[in-house]
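Structure assessment
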Amino acid sequence: MTRECAPPASGSGSPLSGSVLAEAAVVFIVVLSIHAAVWDRYSWCAVALAVQAFYVQYKWDRLLQQGSAVFQFRMSANSGLLPASVVMPLLGLVMKERCQAAGNPYFERFGIVVAATGMAVALFSSVLALGITRPVPTNTCVISGLAGGIIIYIMKHSLSVGEVIEVLEVLLIFVYLNMILLYLLPRCFTPGEALLVLGGISFMLNQLIKRSLTVVESQGDPLDFFLLVVVVGMVLMGIFFSTLFVFMDSGTWASSIFFHLMTCVLGLGVVLPWLHRLIRRNPLLWLFQFLFQTETRVYLLAYWSLLATLACLVVLYQNAKRSSSESKKHQAPTIARKYFHFIVVATYIPGIIFDRPLLYVAATVCLAVFIFLEYVRYFRIKPLGHTLRGLLSLFLDERDSGPLILTHIYLLLGMSLPIWLVPRPCTQKGSLGGARALVPYAGVLAVGVGDTVASIFGSTMGEIRWPGTKKTFEGTMTSIFAQIISVALILIFDSGVDLNYSYAWILGSISTVSLLEAYTTQIDNLLLPLYLLILLMA
């Protein structure tokens, strides 16, 4: 059977259509479940957005097949517009509900802004596809126009003037980031992945600018400021060096020395002062005191250092096997790539149980290190650039078709987003009871356990394939079973988790996300934890 991501030869009659419809059906199950749980005017907007994204997605797919999509997108998958379009709106809705239940009006309004921003950037992506499609798809334009009109009308009467301006600011940043990053990084994203990743970065950049300008009134958590400054700083550093190395060869020693010097200048002269302005203390001293504040944190850091060393040894061992084999094109098998999933699970579970703030900061630092090393590899910065290219090429798969290797960064993001995204003021006083108690474990369950087990058992024992994909029924079933066993183990070892008999919702959420894993061609390391997070919070 052909894999879902194989490019079809034609439009609606292609083998791709059945699997895309199955993926869309799973997404609509999630959207309607959240709509039934929330049931307000914002959830109706999410339903309208999903309907128009379903129709526009076919236009994006046809543009990709014809090579008429303006930018060069990843071709080993469909556009993914529908599953990506609803993530931010649904996340904002469930965030609003949780913060409303916790009696926190500030974060309740923040959730509404997140939902409105997600709808705005999704509608822009739809308008972009419709604008470049020839001939103009009249029926799809009518459907998209009606949905957009409903969303704009409801949001106009729900948002304050300041909130509308904030949404428009994020949309403007998103447009410019699309033009810059999709030009600099061809074939790294599908339209849906670009919507998800660049939409998130745009929102974070706008939040950082907003909080920097109102620092006197700002009383935010230093952990949140640390995440915002690190992520935005790394993205801006990448754009700076990408522009710079257009005019000079990045592989020379002179360029490499300049790269390291400018990294120090940007870090010490821009990032640290920016963070100092926000947290009102020395960032390095604050970070040192935070990391070594308790004995438990010292033990966790030592344990994580051992796991990081083990991961490096796995990379070196697999490359040594390639060097000793006859074929230099040897690629690491699926099971070897999943070793890193096991290591990440072993990293995150103790952090979630014993010290979530430490895990929050450690994941942020690890993300900065991963991005920095990818810059070194991509620009061939001496002395490690060529070495990293050789070591990491062993673990490439069909999703790494562009100049960047992003799968390991997506794995880190998928595990960390459930820790980063839930507003801590809305998780106090038992507001995360029932299925919501598993929200921090969404990445561990969906990616660390579910995706890993599905991949291993599906590739080794699977025989019955889901229609239109290479994924197997046996892999999906063992994935669901393994996640249920993991939930039982979490109940045993984490005394803070009390499910309050919400087992049916948990089973339904896990099963739905596992079905999405079977049919989606998007980056599952990023998409699956977000969907499980949304369902568990609802």
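Residues numbered from 1 in each chain as written. Predicted model: local features only at pLDDT ≥ 70, side-chain atom pairs only at ≥ 80, totals over all residues. Heavy atoms only, no water.

Taking an unreviewed UniProt entry as the reference, the protein chain is identified by name as dolichol kinase belonging to Catagonus wagneri. Quoted verbatim from the Sequence similarities (unreviewed entry) heading of the UniProt record, the comment on the protein chain is "Belongs to the polyprenol kinase family." UniProt, in the comment section headed Subcellular location (unreviewed entry), describes the protein chain in these words: "Endoplasmic reticulum membrane". (UniProt positions renumbered as here; feature names shortened; annotations may be inferred.)

**Let's talk about the state of the cysteines**
Note on terminology: a disulfide is the covalent bond linking the sulfur atoms of two cysteines. According to the stated counting rule, one finds zero disulfides in the structure shown. C312 takes part in no disulfide bond, and the closest cysteine sulfur to it belongs to C366, at a distance of 10 Å. (Disulfide = S-S within 2.5 Å.)

**Topic: the packing of aromatic side chains**
Taken as a whole and assessed by the stated rule, the structure comprises 21 aromatic pairs. Ring centres 5.0 Å apart and planes at 45° place the aromatic pair F288 and F292 in the tilted group. We classify F292 as partly exposed; its relative accessible area is 44%. Geometrically, the ring pair formed by W466 and Y519 is tilted, given 5.9 Å between the ring centres and 55° between the ring planes. Taken together, the residues W466 in the loop between α17 (442-461) and α18 (473-493) and Y519 in helix α19 (residues 503-519) connect sequence positions 53 residues apart. Each member of the pair, W466 as well as Y519, carries the same accessibility label: buried. Connected via pairs of aromatic rings, a cluster forms that spans F240, F241, F245, F259, F372, Y375, Y378 and F379. Its guanidinium or amino end placed over the ring of F290, R297 lies 4.1 Å from that ring's centre, counting from NZ or CZ. (Phe/Tyr/Trp six-rings, centres within 6.5 Å; stacked < 30°, edge-to-face > 60°. Buried < 20%, exposed > 50% of the residue type's maximum accessible area, 1.4 Å probe, protein only. Helix = DSSP H or I, 4+ residues; strand = E, 2+ residues; numbered from the N terminus. Lys NZ or Arg CZ within 6 Å of the ring centre and 35° of its normal.)

**Examining α19**
Over its 17 residues, α19 extends 25 Å from the first C-alpha to the last, a length consistent with the 24 Å expected when each residue adds 1.5 Å. For α19, the set of buried residues is I506, S509, I510, T512, V513, S514, L516, E517, A518 and Y519. (Expected span 1.5 Å × (residues − 1).)

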